[in-house]
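Descriptive analysis of the structure
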Amino acid sequence: MDFSFTVLGCSAAMPAFGRNVSAHIVQYDHQPYLVDCGEGTQIQLQKSQVAYSKIKQIFISHLHGDHYFGLFGLLTSFGLTGRQEQLEIFAPPGLTEVLESVVRISDNTLPYPLVIHEIDSTKFAVIWEGPALKVFSIPLQHRIPCNGFLFVEKQRSLNIIAEVIPRYNLSFEDIKKIK
């Protein structure tokens, strides 16, 4: 399986000409994972031709605005485009309170399940695991709780070379034991 990395924004604090604020796509086996979601992320996703409707997990490093102010519009757009599938967000403590306030004050509802995992910014830990991939949080030093994210491909089980099966007269049970 292949990893790819797309920088959607890399400017600090505020956008600069030709550079949006923090947002990145890590793609593994054609599955996009969004890391940070600064303002303008939706436009950058469209420009990069990432199928953002396929995003199932979003990872927010910390709660400075240049890393998550684009989240409100993205979540609303998911609803407006008919999203029904659950979305998971991983972020330091506080994001749940912020999102609940925005949804309440704007009198908005999201027509899909939203699960927010508030992660401990002091521990290196597995925070998400799929069939072929694990995501770890990495504590970072910043003025507020902050995480880096490590995407690790799980080791796949080994395969037996089909041509050697007859040579060693291996049964199905033998093959299972060898694996």
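Residues numbered from 1 in each chain as written. Predicted model: local features only at pLDDT ≥ 70, side-chain atom pairs only at ≥ 80, totals over all residues. Heavy atoms only, no water.

**Thoughts on the pattern of salt bridges**
Where we set the bar: We define a salt bridge as a side-chain nitrogen of Lys or Arg found within 4 Å of a carboxyl oxygen belonging to Asp or Glu. Each helix is a run of H or I in the DSSP string that is no shorter than four residues. Each strand is a run of E no shorter than two, and both are numbered from the N terminus. Exposed residues in this analysis have more than 50% of their type's maximum accessible area, buried residues have under 20%, and partly exposed residues fall in between, with area computed by a 1.4 Å probe over protein chains only.
Counted under the stated rule, the structure contains three salt bridges. Among the salt bridges present, the one from Glu85 reaches Lys56, with a minimum N-O distance of 3.7 Å. Here Glu85, found in the loop between α2 (71–80) and β5 (87–91), pairs with Lys56, found in the loop between α1 (41–48) and β4 (57–59); they are 29 residues apart in sequence, far enough to count as distant. For Glu85, a relative accessible area of 38% corresponds to the partly exposed category.

**What to know about the pairing of strand β9 (residues 146–153)**
As a reminder, the rule being used: Any two strands are treated as partners once DSSP identifies two or more bridges connecting them.
Strand direction decides the pairing type here: strand β8 (residues 133–140) and β9, joined by eight bridges, are antiparallel. The residue of β9 that forms the bridge with Ser137 is Phe149. Taking the residues that link successive antiparallel strands as the turn, the β8-β9 hairpin has five residues.

**Digging into the nonpolar core**
Keep this limit in mind: In this text, buried Ala, Val, Leu, Ile, Met, Phe, Trp, Tyr and Cys residues form a nonpolar core when linked through side-chain atoms within 4.5 Å. For this analysis, residues touch if any pair of their heavy atoms sits within 4.5 Å.
Of all hydrophobic cores here, the largest spans 23 residues; its most connected members are Ile55, Ile58, Ile60, Leu71 and Leu95. Where this core is concerned, the elements lending two or more residues are β2 (23–28), β3 (31–37), α2, β5 and α3 (95–105). Ranked by the residues each element gives to this core, the list is headed by α2, at four residues. Those residues in contact with Leu71 that sit more than four places away from it in its chain are Cys37, Ile58, Ile60, Ile89, Leu95 and Leu99.

**A few points about the packing of aromatic side chains**
In this description, a pair of aromatic rings is defined by centroid distance and the angle of the planes. The condition is simple: Only the six-membered ring of Trp is used, alongside the rings of Phe and Tyr, when aromatic pairs are assigned; centres must lie within 6.5 Å, and planes under 30 degrees apart are stacked while those over 60 apart are edge-to-face, with the rest tilted. Throughout this description, the term charge over a ring refers to an Arg CZ or Lys NZ atom that lies within 6 Å of the ring centre and within 35 degrees of the ring normal.
Applying the stated criterion across every chain, the model contains eleven aromatic pairs. Counting every residue linked through ring pairs, the aromatic cluster contains Tyr33, Phe59, Phe90, Trp128, Phe149 and Phe151. In this structure, Arg83 is placed above the aromatic ring of Phe78, and the distance from its NZ or CZ to the ring centre is 4.6 Å. The lysine or arginine in question, Arg83, covers the ring of Tyr112, its NZ or CZ lying 5.7 Å from the ring centre.

**Concerning the sheet that holds β2**
What counts, and what does not: Axis lines are fitted through C-alpha atoms, for helices just across the contact stretch, and the angle between N-to-C directions can take any value from 0 to 180 degrees.
The six strands are arranged β1-β2-β3-β4-β5-β6 in an open sheet whose pairing can be described as mixed. Taken across any chain shown, the strands that pair with only one partner, and hence form the sheet edges, are β1 (3–9) and β6 (114–118). Strand-to-strand twist of the sheet, defined as the mean angle between neighbouring strand axes without regard to direction, takes the value 20°. Relative to β1, α1 is tilted by about 135°, and along the sheet it contacts β1, β2 and β3. Taken strand by strand, α2 contacts β3, β4, β5 and β6, and its axis lies near 170° from that of β5.

**Let's talk about the sheet that holds β9**
Spatially, the three strands line up as an open sheet ordered β7-β8-β9, and their pairing is antiparallel. The sheet terminates laterally at β7 (125–129) and β9, the two strands that pair on one side only. Taken over all neighbouring pairs, the strand axes of this sheet differ in orientation by 30° on average, direction set aside. Both β7 and β8 contribute to a ladder of four bridges, which runs antiparallel. Bridge pairing in β8 places Trp128 opposite Val135.

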